Amino acid sequence: MSTFPQALVVFSGGQDSTTCLLQAIHDYGRENVHAISFHYGQRHNIELDKAKWLAQDLGVTHKLVNISEFTQLTSNALMDENAEISQARGAEFPNTFVAGRNAVFILLASIYAESQGIKKIILGVCETDYSGYPDCRDVFIKSMNVAVNLAMAKDFQLITPLMYLDKIQTWQMADELGALDYIKNHTHTCYLGVDGGCGECPSCQLRNNSYENYLALKN
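None of the values given here were measured: they were computed from a predicted structure.

**Quick word on the state of the cysteines**
Within this structure, the stated rule accounts for 0 disulfides. Looking at C136, it has no disulfide partner, and the nearest cysteine sulfur is the one in C126, 7.8 Å off. According to the relative accessible area criterion, C136 is buried, its value standing at 10%.

Written out as structure tokens, the structure is:
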């Protein structure tokens, strides 16, 4: 029986969560790592396809949870394929902000973790390059940690390895894990669902610019 603790990674198949998954495998051993993904009615299936492929390729237990009825409660550019992606203006959030998504993800991940005897729950959220999403902030994660522990009388630990890293530092982290090319070639972050990235949406621009900046600093 393994002496290492188990960990659960909230996993989208994107750059950030895959970097966290690879770090978890490095720290705890792949046999002790679970990944959980959510079908919440997102406009493109590619990220779930990527998540499934990555989890299988990396040899970790993967749970896919269907919460697509989320679309009955809210709508935004990540859930409406006809909506145009737009950035925040003034005090507004970007229209890619999915209200309550991370709160729901954390609660459901905690329920699954409880059923598996897992205490460490890892999320790839970040408040440095967080696009204005309030549920990516450290104060929110800490408050949810308290909430799920009180709700289930457990001592879960919500871990956010990327919280204070910018995207350049996240690429550096992937490189230090020996996975720079793996992350670049196999993960998906494009808002428009283009395999390999459209190169134009805000997510692609942030990803590509930070990658080029990291290579420039590295060399």
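Further notes follow.
**Some words on helix α7 (residues 202–218)**
Helix length check: α7 (17 residues) gives 24 Å between terminal C-alpha atoms against 24 Å at 1.5 Å per residue, within 8%. Looking only at α7, the buried set comprises S203, C204, R207, S210, Y211 and Y214. Taken end-on, α7 shows its buried residues confined to a sector of 145°, consistent with a single buried face. Seen from the buried face of α7, the exposed residues on the opposite side, beyond 90 degrees, are A216 and L217. Structurally, α7 contributes buried residues whose contacts are with α1 (15–28), α5 (167–176) and α6 (180–186).

**Comments concerning the layout of surface pockets**
Of the volumes computed, that of the second largest pocket is approximately 240 Å³. If you trace the second largest pocket, you find 17 residues lining it, with K184, G196, G197, R207 and N208 closest to the centre. It is α7 that contributes the most residues to the lining of the second largest pocket, 5 residues altogether. Residues belonging to the lining of the second largest pocket are distributed by class as follows: 5 nonpolar, 7 polar and 5 charged.

What counts, and at which threshold
Residues numbered from 1 in each chain as written. Predicted model: local features only at pLDDT ≥ 70, side-chain atom pairs only at ≥ 80, totals over all residues. Heavy atoms only, no water. Disulfide = S-S within 2.5 Å. Buried < 20%, exposed > 50% of the residue type's maximum accessible area, 1.4 Å probe, protein only. Helix = DSSP H or I, 4+ residues; strand = E, 2+ residues; numbered from the N terminus. Expected span 1.5 Å × (residues − 1). Arc of directions from axis to C-beta. Contact = heavy atoms within 4.5 Å. 1 Å grid on protein atoms, 1.4 Å probe; cavity = no way out; pocket = protein on both sides within 12 Å on 5 of 7 lines; lining within 4 Å. Points joined across faces, edges and corners; volume = space filled by probe spheres on them. Nonpolar A, V, L, I, M, F, W, Y, C, P; charged D, E, K, R; others polar.

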